[in-house]
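Take a look at the letters that make up each chain.
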Amino acid sequence: MSGRKTFARRTSGLVREASLLDTFAYNSSASSFVAILWFYTWVVTFAPGGNILSAIPLSLISFSIAITYAMLVATFPRSGGDYVFNSRVLHPSLGFAFNFSLVFWQSFFLAFTYYLIWLSGIGPGLHILGYLLHNTALVNLGLTLMSPWASFLLGTLLNVFFTLLALSGTKKMLWANNVIWVLSMLGIAVSIGAMAAVGRQGFIDLFNSFMASYGGPYGSAPNPYQAVIDGARAAGYTVPPFVFSWPYVALSTSAVMWTFYSAYIAGEVKRADSVRRNLVSMAGAGVFNVVLMALFFHYLFKTFGYEFIASLSYLCSYSPEGLPWVYATEMITAFCGLVARSPLAAALSVLGISLAGTLIFVVVLYLQISRNLFAWSMDRLLPERMADVHPRFHTPIYVNLTVFVVAEVFLLALMAFPDAFWTIYGSTIIGPAFSCMFLPGITAALLPYRRRDIYEVSPIKREVAGIPIITISGVVQSAYMLFMVYEYVSWPQFGISAPLPLFLNFGMILVGFLLYWIIRAVRRRQGIDIDLAFAEIPPV
């Protein structure tokens, strides 16, 4: 073994420039509830109940994830998130395996954000704006943007744009995220206000007028709103009772459980070694998101009507003839613009909802994926060139280009397999969730015992009845993730319980595990002992 050096670089080359406000908006963006809102329109067609609001209290158990990560980040304030924790406390093969699976699925979800912004956001939004402005060109443009080819081509342009932005530095990426987050929150606020002001009968009148202008069997009915409910019933659909249902606990959790994502850029966050500061940006973002989600769903049901939402969701998914929407997700964006009434308010609403369900995730995902790849390269699991950082912009060059290529491949896959669209979308929830939340819970629980040397000098040395707090939160986190997996796998309609989707969701961990040992063997033949890196915390 030559053992020239432990890491690919003496220092990471990354700069701590993310403020508390940056990380709050970043973590809130990572768990934007609009993606849950869109997914709900599909889940409601098969779940035994429809009251997602009643599931929110149980989903709050997932705050254990933010608490656990706040402490882990304070102990290991380096970019790379769970890969760094797991590889140093448990074993590098496990750290890489689970993180490899995370990168695979998050790359898919990054492609989804580029794709859905047009299909479920801007497309139906322009359609509604065209209707409000009596502009046929806008109506037709909106319908065009809802096609797979248009979504792919425009998604590719977004992929190019965000790659160029990533190459210009982390600060610019965070600035872009802050702008998207503010616009999203503004649009959500306008939507909530509009729903509250219009009321049920007001919405029925607006919907009936809109459908009358669209035409078709529903538009020509005396009461298109009631015709939708009757049409779903005639098609054999029975609206589930508006009661508690376990799948919604797993679904509503998504407004909270991803708010730890600043962990992946911890090496670029100011005072990342502060537990309190991490809790504000992680758990604080979770509280903010949950309140916003509860308000939105409350007025959604009150204004649009649960029976109508469920019926229209079913028709969009299984019998869309005579409707302007192919996917149920499109109707929510359209309705938010419709109830806003004025073109300006509608534009703000449509833009906010569109961004909050898609592009709000881009910066978060891009930086997460790229920093994981960078952490691998620092430990010399990837070619050392991948660890190159631009001396002026302080961003990994070749890693960002790799993210672009991978996202583009997955964009092609989304267009090529439209029938598997929502199955893949469901996989991008539980696949990455298990990959980055189950094992870190075990890591947190065992940290005080396996790495006593680190725990004793860390800022997280707090105990209750002699049991470390991080052990308690870690156990709760891992147990909750097992519950999440059970919910997603036990419902066949989620589409991930069949052998192939099941393998893809969890088998990528096995692929990563095998890949680690192959890389290790290759590196040893090259005279490089990568085991040395995992005995230390990566350099700042």
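Residues numbered from 1 in each chain as written. Predicted model: local features only at pLDDT ≥ 70, side-chain atom pairs only at ≥ 80, totals over all residues. Heavy atoms only, no water.

**Considerations on the overall build of the chain**
And then number 1: When helices and strands are counted, the chain shows 22 helices and 2 strands.
And then number 2: Radius of gyration (C-alpha) of the chain: 23 Å, near the 24 Å computed for a compact globule of 540 residues.
And then number 3: Its C-alpha atoms put the chain at 80 × 50 × 40 Å along the principal axes.
And then number 4: A total of 540 residues make up the chain; the buried ones form 63% of that total.
And then number 5: Put simply, 83% of the contacts in the chain that link residues at least 6 apart link residues at least 24 apart.
And then number 6: When the accessible surface of the chain is totalled, it reaches about 18,900 Å², and 68% of it is carbon and sulfur.
And then number 7: Taking the average place of the 30 positive charges on the side chains of the chain and the average place of its 22 negative ones, the gap between the two points comes to 10 Å. (Helix = DSSP H or I, 4+ residues; strand = E, 2+ residues; numbered from the N terminus. Rg over C-alpha atoms; globule rule 2.2 N^0.38 Å. Buried < 20%, exposed > 50% of the residue type's maximum accessible area, 1.4 Å probe, protein only. Contact = heavy atoms within 4.5 Å. Areas by Shrake-Rupley, 256 points an atom, 1.4 Å probe, with all protein chains shown as cover. Lys, Arg positive; Asp, Glu negative; His and termini not counted. Charge placed at Lys NZ, Arg CZ, Asp CG, Glu CD.)

**Considering the pattern of salt bridges**
And then number 1: Scanning the entire structure with this criterion turns up 11 salt bridges.
And then number 2: Salt-bridge contacts for glutamate 456 lead to arginine 452; the nearest nitrogen and oxygen are separated by 2.8 Å. With glutamate 456 and arginine 452 both in helix H20 (residues 452–456) and 4 residues apart, the pair spans about one turn of that helix.
And then number 3: By relative accessible area, which is 37% here, arginine 452 ends up partly exposed.
And then number 4: Measuring nitrogen to oxygen at the nearest pair gives 2.6 Å for the salt bridge that ties aspartate 531 to arginine 520. Of this pair, aspartate 531 sits in the segment after helix H22 (499–525) while arginine 520 sits in helix H22, and the two are 11 residues apart along the sequence. (Salt bridge = Lys/Arg side-chain N within 4 Å of Asp/Glu carboxyl O.)

**Things to note about the nonpolar core**
And then number 1: Counting residues in hydrophobic clusters, the biggest one holds 201 residues, and the most contacted among them are Tyr40, Ile188, Phe203, Tyr261, Phe296, Leu300 and Trp325.
And then number 2: Looking at this core, the element that brings in the most residues is helix H6 (residues 92–133), giving 24 residues.
And then number 3: With near-sequence residues (within four places) excluded, isoleucine 188 lies in contact with Phe33, Val34, Leu292, Phe296, Ile353 and Ala356. (Core = buried A, V, L, I, M, F, W, Y, C linked by side-chain atoms within 4.5 Å.)

**Remarks on the packing of helix H13 (residues 275–304) against helix H14 (residues 306–318)**
And then number 1: Taken N-terminus to C-terminus, the directions of H13 and H14 make an angle of 90 degrees; their axes are 6 Å apart at the nearest point. The orientation of H13 with respect to H14, classified from their angle, is roughly perpendicular. Within the contact between the two elements, H13 uses Leu300, Phe301 and Phe304 and H14 uses Tyr306, Phe308 and Ile309.
And then number 2: Grouping the constituent residues of the contact of H13 with H14 by class yields 6 nonpolar, no polar and no charged. (Axes fitted to C-alpha atoms, helices over the stretch in contact; angles between N-to-C directions. Parallel < 35°, antiparallel > 145°, perpendicular 65-115°, else oblique. Nonpolar A, V, L, I, M, F, W, Y, C, P; charged D, E, K, R; others polar.)

**Observations concerning the packing of aromatic side chains**
And then number 1: Counted under the stated rule, the structure contains 55 aromatic pairs.
And then number 2: Ring centres of tryptophan 181 and phenylalanine 288 lie 5.8 Å apart, and the angle between their planes is 45 degrees; this geometry places the pair in the tilted category. With a gap of 107 residues between them, tryptophan 181 in helix H9 (residues 170–214) and phenylalanine 288 in helix H13 connect regions that are remote in the sequence.
And then number 3: What makes tryptophan 181 buried here is its relative accessible area of 16%. (Phe/Tyr/Trp six-rings, centres within 6.5 Å; stacked < 30°, edge-to-face > 60°.)

**Concerning the environment of alanine 387**
And then number 1: By secondary structure assignment, the location of alanine 387 is in the loop between helix H17 (362–378) and helix H18 (397–416).
And then number 2: Alanine 387 sits in the buried class, given a relative accessible area of 1%.
And then number 3: Each C-alpha atom of the pair alanine 387 and glycine 49 lies 49 Å from the other, and the pair is 338 residues apart in sequence.
And then number 4: With sequence-adjacent residues up to four places away left out, alanine 387 is seen in contact with Ala8, Arg9, Phe374 and Ser377.

**Some details on the packing of H14 against helix H15 (residues 328–340)**
And then number 1: Between H14 and H15, the least distance of the axes is 8 Å, while the angle of their chain directions is 135 degrees. As judged from the angle between their axes, H14 and H15 are oblique. Only Ala328, Met331 and Phe335 of H15 make contact with H14, whose side of the interface consists of Phe308, Ile309, Leu312, Ser313 and Cys316.
And then number 2: Partitioning the contact of H14 with H15 into residue classes produces 7 nonpolar, 1 polar and no charged.

**Regarding a nonpolar patch on the surface**
And then number 1: Taken together, the side chains of Leu58, Ile61, Phe244, Trp246, Leu446, Tyr449, Val464, Ile467, Ile469, Ile472 and Val476 present a nonpolar region at the surface, about 900 Å² in accessible area.
And then number 2: Contributions of two or more residues to the nonpolar patch are made by helix H19 (421–450) and helix H21 (469–490).
And then number 3: Element by element, the count of residues in the nonpolar patch is highest for H21, at 3 residues.
And then number 4: Relative to the helices and strands, valine 476 is located in helix H21.
And then number 5: Residue valine 476 is classed as partly exposed on the basis of its relative accessible area, which comes to 33%. (Patch = residues over 30% accessible without salt bridge, like charges linked within 9 Å, V, L, I, M, F, W, Y side chains within 5 Å.)

**A closer look at helix H8 (residues 148–167)**
And then number 1: The first and last C-alpha atoms of H8 sit 28 Å apart over 20 residues, in line with the 28 Å expected at 1.5 Å per residue.
And then number 2: Of the residues making up H8, those classed as buried are Ala150, Ser151, Phe152, Gly155, Thr156, Leu158, Asn159, Phe162, Thr163, Leu165 and Ala166.
And then number 3: Each element contacted by the buried residues of H8 is listed here: H6, helix H7 (136–145), H9, H17 and H18.
And then number 4: Positioned one or two residues after H8, glycine 169 has a phi angle of 125 degrees, which is positive. (Expected span 1.5 Å × (residues − 1).)

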